[in-house]
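Residue-level listing of the chains:
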Amino acid sequence: RCVIAMRGLVLLGLLPLCAALSNSKLSIHTSDGSLTEQILSQGKPRLVKLLDNFNNAANMKQASPDMIIIGRIYLPTQDTSIPPDQAAQKWWNTTGSVILSYPAVDYWEGYNEPPAASPQEVQWLAAMEVARIGILAQNKRKAALASFSVGNPDITNAAAIKAFYPALAAGQKNGAILSLHEYAAPNMSAAFSGSVSNGTGWLTGRYRMLYNQYLIPDHMTLPMAVTELGVDSGTCGITKTCPQGANGGYKAFCSFWNSQGHADCDAYYMQQLGWYDQLMRADSYVLGATVFCLEIDGWQSFDISSLTAQFVQYLQHA
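Definitions and limits used
- Residues numbered from 1 in each chain as written.
- Predicted model: local features only at pLDDT ≥ 70, side-chain atom pairs only at ≥ 80, totals over all residues.
- Heavy atoms only, no water.
- Core = buried A, V, L, I, M, F, W, Y, C linked by side-chain atoms within 4.5 Å.
- Buried < 20%, exposed > 50% of the residue type's maximum accessible area, 1.4 Å probe, protein only.
- Helix = DSSP H or I, 4+ residues; strand = E, 2+ residues; numbered from the N terminus.
- Contact = heavy atoms within 4.5 Å.
- Pairing = 2+ DSSP bridges.
- Axes fitted to C-alpha atoms, helices over the stretch in contact; angles between N-to-C directions.
- Arc of directions from axis to C-beta.

**Student:** Before we go on, may I ask you to explain the nonpolar core in this structure?
**Tutor:** As a rule of thumb, nonpolar side chains are buried together in soluble globular proteins. Judged by nonpolar contacts, the single largest core of 87 residues is most densely connected at F164, L178, Y269, L273 and F311. With nine residues, the top contributor of residues to this core is helix α4 (residues 119-138). In this view, Y269 contacts M188, L229, G230, V231, Y250, W257, V291, I304 and L307; residues no more than four positions away in its chain are not counted.

Below is the structure:
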């Protein structure tokens, strides 16, 4: 795909026109911008998640034809009080014109972090996703399913997990992928035990429990992308090892990390992301993870702009 053809003639003298994608499975969750373009053009990640700004998607795909592009359109409200098929149609009525305008986007997310704690909530979500898969398929588009928040669905509740199986079955028939989010704090390996090759965690690495305990033995697997990843103080109530007052993304923990002997906050965060990359690279069903976030307004404590050069270097040498 990195060969330009003109009037049926392959211009071999121009090779190589685009580099192979990175060996890493790390990438970025972004609304696009100059730093995003730097990472994509120089680091060649395997995937990228775009939030609300898809204007450059075609150029991204042309530069890296094998890079997976996942899109999310922000919705101010996510109605779960109506029947799921109506919710899917309402979603399409709101987003469809945008989705049809950007065929370079490979997969489209629906509701972001929808309620999924109980079997009843997951059953509703599954029915909505089945309907959304059908609508997208009718329009020659594909779905990224679920967008589960960190800690969901409940790994200990088999009924909740299996309530989502109808959506996974429909996804298998229509080329969908599974989307979920993983965060931890005060560092990314908090609540994780075992080796990178087969360990699991209640926060990061939790996806392995979902696949190993349920989806693989029940033949319900889909390719999976972690479409939000990072350090988030919202998980401190689970790990109970965070410094008092920490509030936000990785930057909220810089002083704490410094007190633990990690003077360079960005370098230590990049080290943690590299650790997570090793997890993913041990699991063939994982497409990759998009770190939240880069160049998205309002999320300064999560923003990895200052990591751009290190991120590119990591992708190039992974």
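**Student:** What is the right way to look at the sheet that holds strand β8 (residues 177-184) in this model?
**Tutor:** Strand pairing in a sheet relies on backbone hydrogen bonds. The paired strands run either parallel or antiparallel. In spatial order, the strands read β3-β4-β5-β6-β7-β8-β11-β12; together these eight strands close into a barrel with parallel pairing. Strand after strand, the sheet turns through a mean of 25° between neighbouring axes, direction not considered. Bridge count between strand β7 (residues 143-148) and β8: four bridges; the pairing is parallel. Each residue of the ladder has a partner; that of L145, found in β8, is L178. Contacting β6 (107-109) and β7, α4 runs over the sheet at an angle of about 160° to β7.

**Student:** I keep staring at helix α11 (residues 308-317) and nothing clicks. Help me out?
**Tutor:** Those residues of α11 that sit buried are T308, F311, V312 and L315. What you see down the axis of α11 is that its buried residues fit within an arc of 100°, all on one side. Of the residues in α11, the exposed ones pointing more than 90 degrees away from the buried face are A309 and H317. Those residues of α11 that are buried are in contact with β3 (26-30), α1 (34-43), α10 (265-281) and β12 (286-294).

This is a description of form; function is not addressed.
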